[in-house]
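Chain by chain, the residues:
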Amino acid sequence: MTGDLLLGSDWVRPVHHAPGYVFGAASPEESTLVGVLSRHAAAAPEAPFLTGLDDAPQRRLTYAGAHAEVLRRAAVLQSWNLRRGDRVGLLGANSVDFALAVLACLEGGAVAVLLNHRDPVERIAHRAEFTGVRFLLHDSGLAAAAEVCGCAQRLCAFDEFGRLAASVNDKPLLGPPMPTDAALIFFTSGTTGMPKAVVQSHYAVAQNAIALARHHRIGPGMRLLCVLPLHHVNGLEFTILGAMSGGGHTYVCQGFDGLKFWPLVEEHQIHIASLVPNLLRLLADRPGLRGGRGQSLRYAVSAAAPLSVAIAENAWTRLGLRIVQGYGLSEVTNFTCVLPADLPDAEYQRWMTQGRRTSIGPALPGQEVRIAGAPGEEGEICIRGNSVMSGYLHNELATNEAFEGGWFHSGDLGYAVAGATGGDFIQVSGRVREIAKRSGAMIHLLEVDEVLGTLPGILDFASAAFANRWVDEEIGAVVVKEPGSAATEESIIEHCRQRLPFAESPKAIVFVEEVPRTATGKVRRAEIAGSFAAHADRLFVDRRARAATKEG
Amino acid sequence: MEALMSRVLACANKVSGKMLVLPEGSDLPLEAFQFDSLSIFAFMVELENEFGVSIDEALMNDTELRTLQSTASFVASRLAGSGNGAVG
């Protein structure tokens, strides 16, 4: 099946797939994730599926228990007259309830819209409205933020949603979703202008989760640690959906705590932990924290930002820890490439600790990677296959640009190196797009520039990502002041902070005579980054949030 | 010890972005600085840079770094162990 496929009531997008992988070729059981939970529930009802380590009280669900909870939650959604394709916003910290809500949406025919609870409320409301959120499920502590989402016909806290589900005996009435139906919506940008809302189909979500479960050999008894946010693809689509596809057991934490990491791994005999490079650096820099604990950990998965050879080497030599690096974006439904998990030591070291760069491995089955440009040379990483997104919601232009030539253009540069047993291993070498990766989160510098452009009393400006030991990359800006301007570093930072989340706000400002640009006027961001070398070791803290916490 | 406490306080304020003061003879729990999972590591690095000691083992049992006083005591013991008694 090729061509345009209806993915919702208001838009039509082509499905892109790799040669050799015919869309619809997967068995019906593998075309969506609906049914996966019920099969595991039938085969191993008492096998553990989810443990909420930070849930109060701590909570554990078996596959049978989770299946029943999900069906009842889907029935509650449908009792609200949910129509197939209705968008349900999810707003909250990591929890078992959050994961159950996502699964209820998938099961019940709704499209789950993943909202970041750390965003300013204006952005949450903007994104909810943009995606047409009809129902909003939220942490009870986020009721005020939820109230701002005026587009939602019904707001319901997760705990109340659970109580309603407990009183429902019905099963969901709508039939299972079509593989081409939209399943999940993630946001990749959109500070002030039109958001880029990535729409993933049930087919893409299922194919990625199943491929990851097979790659990592996830099966009953395999224990994964989830510390990354569930409103991002890695946290949700690997540690929850990937684990579920294989019948594994995920321990859900609200976040990463470096002091508790090894005790948690030890206590729960974790096999795989999914992290990002700056967190792995903390662990590798502090081998004493391990103290011989956590021998069950087979490897850590790293993604969201390139892993340096130094971190991989330190993890290998100081911790005896192997890192399985993956690569992907929301637009390709999480992972496209992953390093093989079972390489012999010598080959692992070849790819991860002995070269100039670490490798992200070959493409997963069902996906195809092409390096644009001459063979063997650096070029843009382009992707097609079963897991690419359906498109950006309400943004035909951006979708068409992203899929120019039938391939998704990642915006990352890379090159291919032949593997020992055939197949290309990909190395990521740089970026085409103007983005920063702060603690694994993508920040679009042009959006920071937009806010800088609203500053009074300045002639020119540009933001840049600079290296920072704590979050991989921080945001800085160079500014050319008008003569007599009273702008100070503090006033500019505060101006931006009022309009951007802390993560996206510039942390340091350097006043310059001229913004470095190319002959064609393009900002030389790499050159600007050098202006912030003095801040490479500094941890920037969100004083506003801390003050609010104290007041609260 | 008061001088050492003062230096520990300066490290904590620097990392946390706070400007807490410590009345003479009193103590402060580290919770007052609202360290999170990243900034507690930054605090450790700041102490190591300031005093030239290693902090890892202290956190193995999570007892030494609870208050400014216990942190300063730990740093003092490390300095004494390393033969560097110049704690100011």
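Residues numbered from 1 in each chain as written. Chains lettered and ligands numbered in written order. Predicted model: local features only at pLDDT ≥ 70, side-chain atom pairs only at ≥ 80, totals over all residues.

Caption draft 1: Representation of the overall build of chain A. When you go through chain A residue by residue, the secondary structure sums to 19 helices and 27 strands. Relative to the compact-globule value of 24 Å for 552 residues, chain A shows a C-alpha radius of gyration of 23 Å, a close match. Projecting the C-alpha coordinates of chain A onto the three principal axes gives extents of approximately 70 × 55 × 50 Å. Counting only residues that meet the buried cut, chain A has 53% of its 552 residues in that class. Within chain A, residue pairs in contact and separated by at least 24 positions form 68% of the contacts whose partners lie at least 6 positions apart. (Helix = DSSP H or I, 4+ residues; strand = E, 2+ residues; numbered from the N terminus. Rg over C-alpha atoms; globule rule 2.2 N^0.38 Å. Buried ≥ 20, exposed ≤ 12 C-beta atoms within 10 Å, placed from the backbone. Contact = placed C-beta atoms within 7 Å.)

Caption draft 2: Inspection of the overall build of chain B at higher detail. Within chain B one finds four helices and zero strands. For chain B, the α and β elements follow one another from N to C terminus as α-α-α-α. Burial status across chain B gives 30% buried among its 88 residues. Within chain B, contacts between residues at least 6 apart in sequence are counted, and of these 59% link residues at least 24 apart.

Caption draft 3: Spatial organisation of the domain arrangement of chain A. All names here are of chain A. Structurally, chain A comprises domain 1 (4-429) and domain 2 (436-551). Counting residues at the interface gives twelve residues for domain 1, matched by 14 residues for domain 2. Residue assignment for the side of domain 1 that touches domain 2 shows that the elements contributing at least two residues are β9 (182-189) and α12 (277-285). Tallied by class, the residues present in the side of domain 1 that touches domain 2 amount to five nonpolar, five polar and two charged. (Domains from an automatic or database assignment. Nonpolar A, V, L, I, M, F, W, Y, C, P; charged D, E, K, R; others polar.)

Caption draft 4: Geometry of the sheet that holds strand β14 (residues 299-302) of chain A. Residue and element names in this part refer to chain A. The strand order across the open sheet formed by eight strands is β4-β3-β12-β11-β13-β14-β15-β16, and the pairing between neighbours is mixed. Of all the strands in the sheet, just β4 (59-62) and β16 (334-338) have a single pairing partner and so form its edges. On average, each strand axis in the sheet is inclined to that of its neighbour by 25°, with strand direction left out of account. Where strand β13 (residues 272-275) lies against β14, four bridges are found, and the strand directions are parallel. Looking at β14, one finds that Leu275 is bridged to Ser302. Sheet contacts for helix α4 (residues 96-108): β3 (48-52), β4 and β12 (249-252); angle to β3, the most-contacted strand, approximately 135°. (Pairing = 2+ DSSP bridges. Axes fitted to C-alpha atoms, helices over the stretch in contact; angles between N-to-C directions.)

Caption draft 5: Summary view of the environment of Val199 of chain A. Residue position: Val199 of chain A is located in strand β10 (residues 196-201). In this structure, the C-alpha to C-alpha distance between Val199 of chain A and Phe186 of chain A, residues 13 residues apart in sequence, is 6.9 Å.

Caption draft 6: Geometry of the pairing of β13 of chain A. Residue and element names in this part refer to chain A. Neither face of β13 is open: one carries Ile272 and Ser274, the other Ala273 and Leu275, and all of them are buried. Here strand β11 (residues 223-226) runs beside β13; their pairing, made up of three bridges, is parallel. Residue pairing for β13: Cys226 is matched across the bridge by Ser274. Regarding the hand of the β-α-β motif, the stretch spanning β13, α12 and β14 is right-handed. (Right-handed = clockwise from strand over helix to strand, strands pointing away.)

Caption draft 7: Here's a closer look at the confidence of the model for chain B. Residues and elements named next belong to chain B. When pLDDT is averaged along chain B, the result is 83; 84% of the residues meet or exceed 70. Confidence scores differ between elements of chain B, with helix α3 (residues 56-60) showing the lowest mean pLDDT of 65 and helix α1 (residues 2-16) the highest of 92. Across the interfaces of the predicted complex, the ipTM metric reaches 0.78, alongside a pTM of 0.86. (pLDDT = per-residue confidence, 0-100.)

Caption draft 8: Representation of the interface of chain A and chain B in the model. Counting residues at the interface gives 16 residues for chain A and 15 residues for chain B. It is helix α19 (residues 543-551) of chain A that contributes the most residues to the side of chain A that touches chain B, three residues altogether. The residue inventory of the side of chain A that touches chain B, partitioned by class, reads seven nonpolar, five polar and four charged.

Caption draft 9: Main features of the environment of Ala183 of chain A. Residue and element names in this part refer to chain A. By the secondary structure assignment, Ala183 is in strand β9. Classification of Ala183 by C-beta neighbours within 10 Å gives buried; the count is 29. A sequence separation of 102 residues divides Ala183 from Asn81, and the C-alpha atoms of the two residues are 18 Å apart.

Caption draft 10: How the structure looks around the nonpolar core. Residue and element names in this part refer to chain A. Ranked by size, the top nonpolar core spans 174 residues in total, and within it Val88 and Leu90 carry the most contacts. The leading source of residues in this core is α4, at ten residues. Ignoring sequence-local partners within four residues, the contact set of Leu90 consists of Phe98, Ala101, Val102, Ala112, Val113, Leu114, Leu115 and Leu137. In this structure, Phe461, Phe466, Ile492 and Val523 belong to the second largest nonpolar core, which totals 24 residues. (Core = buried A, V, L, I, M, F, W, Y, C linked by C-beta atoms within 7 Å.)

Caption draft 11: The arrangement of the sheet that holds strand β26 (residues 472-481) of chain A in detail. All names here are of chain A. Across the sheet, three strands lie side by side as β25-β26-β27; this open sheet has mixed pairing. Edge positions in the sheet fall to β25 (458-468) and β27 (508-511), since each of these pairs with one other strand and no more. Neighbour-to-neighbour, the strand axes of the sheet open up by a mean angle of 25°, direction not taken into account. Relative to β26, β25 is paired through ten bridges, and the arrangement is antiparallel. Within β26, the position partnered with Ser463 by the bridge is Ala477.

Caption draft 12: Looking closely at helix α16 (residues 445-452) of chain A. All names here are of chain A. When α16 is considered as a whole, its buried residues turn out to be Leu445, Val448, Val451 and Leu452. Projected down its long axis, α16 shows its buried positions confined to an angular sector of 110°, all on one face. Where α16 is buried, its residues contact β23 (435-438), β24 (441-444), β25, β26, α17 (489-497) and α18 (525-529). (Arc of directions from axis to C-beta.)

Caption draft 13: Here's a closer look at the confidence of the model for chain A. Chain-level pLDDT for chain A is 89 on average; 92% of the residues reach the 70-or-more range. Low pLDDT (under 50) marks residues 1-22 of chain A, which in the prediction has 45 contacts with non-local residues, meaning those over four places away or in another chain.

Caption draft 14: Up close: the pairing of β16 of chain A. All names here are of chain A. Most of β16 is tucked away: five of the five residues are buried. Pairing analysis gives four bridges linking strand β15 (residues 323-329) to β16, with the strands arranged antiparallel. If you follow Gly328 over to β16, its bridge partner there is Phe335.

Caption draft 15: Representation of helix α2 (residues 36-43) of chain A. All names here are of chain A. Those residues of α2 that fall on the buried side of the exposure criterion are Val36, Leu37, His40 and Ala41. The buried residues of α2 occupy one face: seen down the axis, they fall within an arc of 135°. Away from its buried face by more than 90 degrees, α2 exposes Ala42 and Ala43. Packing partners of the buried residues in α2 comprise α3 (63-79), α4 and α10 (241-246).

Caption draft 16: Geometry of the environment of Trp407 of chain A. If you trace the backbone, Trp407 of chain A turns up in the loop between α15 (396-402) and β21 (408-418). With residues up to four places along the chain from it excluded, the contact list for Trp407 of chain A reads Arg370, Cys382, Ile383 and Arg384 of chain A.

Caption draft 17: Molecular detail of the packing of α3 of chain A against α4 of chain A. Residue and element names in this part refer to chain A. It is at 8 Å that the axes of α3 and α4 come closest, and there the two elements cross at 65°. α3 and α4 meet at a crossing whose hand is right-handed. Of the residues in α4, those in contact with Ala66, Glu69, Val70, Leu71, Arg73, Ala74, Leu77 and Gln78 of α3 are Leu100, Ala101, Leu103, Ala104, Glu107 and Gly108. Across the contact of α3 with α4, the residue classes break down as nine nonpolar, two polar and three charged. (Left-handed = near helix turned anticlockwise from the far one by under 90°.)

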